[in-house]
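# Summary of the model geometry
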Amino acid sequence: MRRNEERKRDDAGRPDRRTVLADAAIGVLADLGVRGLTHRAVDAAAGLPVGTTSAYLRTRQALLTALVRRLVELDQGELDAMGEQVPVRSAAELSEGIAELMRRRLSGDGRRRSLARYACAVESVRDPELREILVPRENAGRAAVRTFLAAEGVADPDGRTATLLACVDGLVFDHLVGAGEPGVDAIQGLVAAALRGAAAS
């Protein structure tokens, strides 16, 4: 997962100002909710003078759009990194990979990103631009799941992959608004459902 010290940098080697503001906005949204997401709150969270955010992102729509783009960039980076680590060779490995992703998204910075992500998802219901940015995209993690399911002989591996990841997303949401981490049984159950009817089973 890309951290603050790994942000994009300008020609002078300083963190890109828009990226700094977008990262701060994600934190504000996670901590204060949609109503608390203001230009002044982002200025304060970023440790920058009042008016900085509005100078770069003049409207609330511009602020939300920058936030969502950065959120997707961070999520994609995380999924790419996880998918490129090792190939998925068994249901047990797939279950462990999902468990690791969920641990990341339910703790620390990952939890704040998850809170911001679901707030943005609700906003996108009335905002086609945000909805388009949030559409699930291809990444190494998704590809690894699809490749494994295809190798196991699952019919329609694309559809099964989309369904499995949507269920994982729902499980993250359930535990985010509840308490604790999901049990191993729940994750293994999702993987078993994705493999149901596979030629190798």
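Residues numbered from 1 in each chain as written. Predicted model: local features only at pLDDT ≥ 70, side-chain atom pairs only at ≥ 80, totals over all residues. Heavy atoms only, no water.

### Some remarks on the overall build of the protein
Quick note on the threshold: Here a helix means four or more residues in a row that DSSP labels H or I, a strand means two or more in a row labelled E, and each is numbered from the N terminus. Residue contacts follow a heavy-atom distance rule, with two residues in contact if any of their heavy atoms lie within 4.5 Å. Computed with the Shrake-Rupley method and a 1.4 Å probe, the accessible areas treat only the protein chains shown as cover for residues.
Summing up its helical and strand segments, the protein has 10 helices and 0 strands in all. Starting at the N terminus and walking to the C terminus, you meet the elements of the protein as α-α-α-α-α-α-α-α-α-α. The long-range fraction of contacts in the protein, counting pairs at least 24 apart against all pairs at least 6 apart in sequence, stands at 63%. Approximately 10,700 Å² of the protein is accessible, and the part contributed by carbon and sulfur atoms is 53%.

### Topic: the nonpolar core
Quick reminder of the rule: The nonpolar core is taken to be a set of buried Ala, Val, Leu, Ile, Met, Phe, Trp, Tyr and Cys residues, with the residues joined through side-chain atoms within 4.5 Å. Relative accessibility decides the category of a residue: with a 1.4 Å probe and only protein chains considered, values under 20% of the type maximum give buried, values over 50% give exposed, and everything between is partly exposed.
One finds Leu37, Val42, Leu67 and Val68 to be the most contacted residues of the largest nonpolar core, which totals 25 residues. Looking at which element gives the most residues to this core, the answer is helix H4 (residues 60-85), with 8 residues. Each residue touching Val68, except ones within four places of it in the same chain, is listed here: Cys120, Leu130, Ile133 and Leu134.

### Comments concerning the confidence of the model for the protein
Rule in force here: Confidence scores here are pLDDT values: one per residue, from the predictor, ranging 0 to 100.
In the predicted model, the protein carries a mean pLDDT of 90, and the fraction of residues at 70 or more is 90%. Across the protein, element-level confidence peaks in helix H2 (residues 39-46) with a mean pLDDT of 98 and bottoms out in helix H10 (residues 184-195) with 93. Long-range and interchain partners of residues 1-6, a stretch whose pLDDT sits below 50, account for 10 contacts in this model, where long-range means more than four residues apart.

### Here we look at the packing of aromatic side chains
The description of two aromatic rings rests on the distance between their centres and on the angle between their planes. To keep things clear, this is the line we draw: A pair of aromatic rings is counted whenever rings of Phe, Tyr or Trp (Trp by its six-membered ring) have centres within 6.5 Å, and the orientation is called stacked for planes under 30 degrees apart, edge-to-face for over 60 and tilted otherwise.
Taken as a whole and assessed by the stated rule, the structure comprises 1 aromatic pair. Between the aromatic rings of Tyr118 and Phe173, the centroid separation amounts to 5.0 Å while the plane-to-plane angle is 75°, which identifies the pairing as edge-to-face. Pair noted here: Tyr118 is in helix H6 (residues 108-124) and Phe173 is in helix H9 (residues 157-177), with a separation of 55 residues, a long-range link. With a relative accessible area of 14%, Tyr118 lands in the buried category.

### Quick word on the environment of Gln85
Considering the arrangement of structural elements, one finds Gln85 in helix H4. For Gln85, a relative accessible area of 53% translates into the label exposed. It is 9.4 Å that separates the C-alpha atoms of Gln85 and Gly141, two residues lying 56 residues apart in sequence.

### Topic: the packing of helix H1 (residues 17-32) against H2
Going by this rule: The axes are straight lines fitted to the C-alpha atoms, using for helices just the contacting stretch, and the angles between their N-to-C directions are given from 0 to 180°. The scheme is simple: roughly parallel for angles under 35 degrees, roughly antiparallel for over 145, roughly perpendicular for 65 to 115, oblique for anything else.
Between H1 and H2, the shortest axis-to-axis distance is 8 Å and the interhelical angle comes to 110°. On the basis of their axis angle, the class for H1 and H2 is roughly perpendicular. On H2, the residues touching Val20, Leu21, Ala24, Ala25 and Val28 of H1 are Ala41, Val42, Ala45 and Ala46.

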